[in-house]
Amino acid sequence: QRIVYDNTGTFVDINGLLPSTTYHYRVYEYSGTGGSIQYLTSSFASASQATLSPPATQATNVVFSSVGSNTMTVSWTNGNGNGRIVLMKAGSAVDAAPIGGATYNTSTTFGSGAQIGSGNYVIFRQTSGNSVNVVGLTPGVTYHVAVFEFNGSSTGAYNVNSPAIGSLATTGAPTIAASGMFFNVIEGDGIRVN
């Protein structure tokens, strides 16, 4: 048992709770201050409420499109959560997961969103949508993504088991140079270069 509020208001936000857990609450009225406080203990408001559980079904079917040298679009099929968070990592598989109760800044510019673990960046966290256009990528690098479903809003109860994953490289510089250059249609004021 813990005291979570002692003031004159009519509500309190309680953080740091565990997902899928029922918590029981009582509200006691009192008057006075310091050593002269008198509590009404014979009558009180009481209620119970469970925190959200993580969604059971993860997103699936990660697809990459509009892939360029420094941009790509990542899309997926949503699971049964009321939102999802997408992590992206350069060069190797995503090796971290979001933590319930934490808030994460997101950015579609790779490397600018919150970092979870080492090199796993948040590129998407929303309760609607199923795609994100990512910019700020490096040519010729393989990028890995993991899509985690969650229930809740600002902090979320995340399903961290078997997220939807995928990887694809951005387009790199060409490896074969042009050859066989020749000229025709030569005029006094121009030349066609082939």
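Reading the values: the criteria
Residues numbered from 1 in each chain as written. Predicted model: local features only at pLDDT ≥ 70, side-chain atom pairs only at ≥ 80, totals over all residues. Heavy atoms only, no water. Helix = DSSP H or I, 4+ residues; strand = E, 2+ residues; numbered from the N terminus. Rg over C-alpha atoms; globule rule 2.2 N^0.38 Å. Buried < 20%, exposed > 50% of the residue type's maximum accessible area, 1.4 Å probe, protein only. Patch = residues over 30% accessible without salt bridge, like charges linked within 9 Å, V, L, I, M, F, W, Y side chains within 5 Å. Areas by Shrake-Rupley, 256 points an atom, 1.4 Å probe, with all protein chains shown as cover. Salt bridge = Lys/Arg side-chain N within 4 Å of Asp/Glu carboxyl O. Core = buried A, V, L, I, M, F, W, Y, C linked by side-chain atoms within 4.5 Å. Pairing = 2+ DSSP bridges. Axes fitted to C-alpha atoms, helices over the stretch in contact; angles between N-to-C directions. Polar contact = N/O pair within 3.5 Å; in protein donor to acceptor, adjacent residues only side chain to side chain. Contact = heavy atoms within 4.5 Å.

Asker: So what about the overall build of the chain? Which residues, and what values?
Answerer: Along the backbone of the chain there are zero helices and 15 strands. For the chain, the C-alpha radius of gyration of 27 Å lies well beyond 16 Å, the compact-globule estimate for 194 residues. Expressed as lengths along the three principal axes of its C-alpha atoms, the size of the chain is roughly 105 × 35 × 25 Å. Taken over 194 residues, the chain has a buried fraction of 28%.

Asker: An account of a nonpolar patch on the surface is needed here, citing residue identities and associated values.
Answerer: A cluster of nonpolar side chains, contributed by Met181, Phe183, Ile186, Ile191 and Val193, occupies part of the molecular surface with about 560 Å² of accessible area. With respect to the helices and strands, the residue Ile186 is situated in the loop between strand 14 (183–184) and strand 15 (192–193). In this structure Ile186 comes out as exposed when scored by relative accessible area, which is 57%.

Asker: Break down the pattern of salt bridges for me, with residues and values.
Answerer: Enumeration according to the criterion identifies two salt bridges in this entry. In this structure, the salt-bridge partner of Arg84 is Glu149, at a minimum N-O distance of 2.9 Å. With Arg84 in strand 7 (residues 83–90) and Glu149 in strand 11 (residues 142–151), this pair connects stretches of sequence that are 65 residues apart. Glu149 shares its class with Arg84; the two are buried.

Asker: Go over the nonpolar core, please, and point to the residues and values.
Answerer: Of all hydrophobic cores here, the largest spans 19 residues; its most connected members are Val62, Val74, Trp76 and Met88. Of all elements in the fold, only strand 5 (60–65), strand 6 (71–77), strand 7, strand 9 (120–126), strand 10 (131–135) and strand 11 reach the threshold of two or more residues within this core.

Asker: Explain the environment of Gly129 to me, using residue names and the numbers behind them.
Answerer: As for its placement among the helices and strands, Gly129 is situated in the loop between strand 9 and strand 10. It is 20 Å that separates the C-alpha atoms of Gly129 and Val160, two residues lying 31 residues apart in sequence.

Asker: I'd like to hear about the sheet that holds strand 6, residue by residue, with values.
Answerer: Strand order in this open sheet of three strands is 5-6-10, and the pairing throughout is antiparallel. The open sheet has two free edges, formed respectively by strand 5 and strand 10, since each of these has just one partner strand. Shown here is a sheet whose adjacent strand axes are inclined to one another by a mean of 20 degrees, direction ignored. One ladder, built from five bridges, connects strand 6 with strand 10; its direction is antiparallel. Bridge pairing in strand 10 links Ser75 to Ser131.

Asker: Summarise the side chain of Gln58; cite the residues concerned and give the values.
Answerer: With respect to the secondary-structure elements, Gln58 resides in the loop between strand 4 (45–50) and strand 5. Of note is the side chain of Gln58, whose polar atom sits 2.7 Å from the backbone oxygen of Asn159. A polar side-chain atom of Gln58 sits 3.0 Å from the main-chain carbonyl oxygen of Asn161. Each residue touching Gln58, except ones within four places of it in the same chain, is listed here: Gly79, Val147, Phe148, Glu149, Asn159, Val160, Asn161, Ser162 and Pro163.

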